[in-house]
Amino acid sequence: MALRDILIIPDPRLKQECEPVAVVDDGVRALLDDMLETMYAAPGIGLAAPQIGVMQRAIVIDVADDKEKPQPLKMINPEIIWESEDVATYQEGCLSIPDQYADIERPVEVGVRYLDENGKEQEIEADGLLATCLQHEIDHLDGILFTDYLSALKRNMILKKVQKLQKTKQSA
Ligand code: NI
């Protein structure tokens, strides 16, 4: 396993659509392990492959809190197959948009179909934080960031703050 570098906005790879994974092999399994390790180290609750510059449809998620046992989810080619009409608002953040948060409204429940790390088709139903996280990570695979749901003004403000923060970090 290895820690990977997380891409930060405005890296153009974060705005690209990813290719489906054709074969679930050891390379894909190693990628998912690296993604989980990178996500836990960050720390974060979700990570999509394009965030480490791998343009393939794979995500990892763990929304367990500190007191719970880890509940890692590894998903290949995940697809939202249904969503509720009811919506909920969560304050979202993103490892590619460090230290910035915004309230985003999304369907409160979703169904997701995906391949597990053995290439077996699985389906889950989720609500609450997990449903939000699934939608956020699957959005990454289509080059969509949570800031894309905000006004251009807010989006640009966030970009400027991130760029300023990155500059400070680099010169520190
Ligand atoms: Ni994100």
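Student: I would appreciate a short explanation of the overall build of the protein in the present structure.
Tutor: Scanning the protein from terminus to terminus reveals 3 helices and 7 strands. Along the protein, helices (α) and strands (β) appear in the sequence α-β-β-β-β-β-β-β-α-α when read from the amino end. Relative to its length of 172 residues, the protein is compact, with a C-alpha radius of gyration of 16 Å against a globular reference of 16 Å. When the backbone C-alpha atoms are referred to their principal axes, the protein occupies close to 45 × 40 × 35 Å. Looking at the protein as a whole, 44% of its 172 residues qualify as buried. The long-range share in the protein, meaning contacts at least 24 apart out of those at least 6 apart in sequence, stands at 66%. For the protein, the accessible area works out to roughly 9600 Å², and carbon and sulfur atoms hold 49% of it. Taking the average place of the 18 positive charges on the side chains of the protein and the average place of its 32 negative ones, the gap between the two points comes to 9 Å.

Student: How do you make sense of the coordination of the nickel ion when you look at a structure like this?
Tutor: Around the nickel ion, the protein contributes the donor atoms C94 (SG), H136 (NE2) and H140 (NE2), which lie 2.1 to 2.3 Å from the metal centre. All donors of the nickel ion come from a single chain, and their spacing in sequence reads C-x41-H-x3-H. Of this pair, C94 sits in strand 4 (residues 87-94) while H140 sits in helix 2 (residues 128-140), and the two are 46 residues apart along the sequence. For H140, a relative accessible area of 2% translates into the label buried.

Student: Is there a simple way to think about the pattern of salt bridges in this case?
Tutor: Between side chains of opposite charge, a pair can form as their charged atoms come close. Going through the model one piece at a time under the given rule, you end up with 11 salt bridges. With a closest N to O distance of 2.8 Å, D33 and K74 form a salt bridge. Separated by 41 residues along the polypeptide, D33 in helix 1 (residues 26-41) and K74 in strand 3 (residues 73-83) bring together distant segments of the chain. Residue K74 is classed as buried on the basis of its relative accessible area of 18%.

Student: Please clarify how the sheet that holds strand 6 (residues 109-115) should be interpreted in this entry.
Tutor: Read across the sheet, 5 strands follow the order 1-2-3-6-7 without closing on themselves; strand pairing throughout is antiparallel. Two strands in the sheet have a free side with no partner beyond their single neighbour: strand 1 (46-48) and strand 7 (121-127). On average, adjacent strands in this sheet sit at an angle of 40 degrees to one another, irrespective of strand direction. Bridging between strand 6 and strand 7 involves 7 bridges; their strand directions are antiparallel. If you follow V110 over to strand 7, its bridge partner there is A126. Across the sheet, helix 2 is in contact with strand 1, strand 2 (58-61), strand 3, strand 6 and strand 7; its angle to strand 7 comes to roughly 125 degrees.

Rules behind the numbers
Residues numbered from 1 in each chain as written. Predicted model: local features only at pLDDT ≥ 70, side-chain atom pairs only at ≥ 80, totals over all residues. Heavy atoms only, no water. Helix = DSSP H or I, 4+ residues; strand = E, 2+ residues; numbered from the N terminus. Rg over C-alpha atoms; globule rule 2.2 N^0.38 Å. Buried < 20%, exposed > 50% of the residue type's maximum accessible area, 1.4 Å probe, protein only. Contact = heavy atoms within 4.5 Å. Areas by Shrake-Rupley, 256 points an atom, 1.4 Å probe, with all protein chains shown as cover. Lys, Arg positive; Asp, Glu negative; His and termini not counted. Charge placed at Lys NZ, Arg CZ, Asp CG, Glu CD. Donors = N, O, S within 2.8 Å, 3.2 Å for Na, K, Ca; no water. Salt bridge = Lys/Arg side-chain N within 4 Å of Asp/Glu carboxyl O. Pairing = 2+ DSSP bridges. Axes fitted to C-alpha atoms, helices over the stretch in contact; angles between N-to-C directions.

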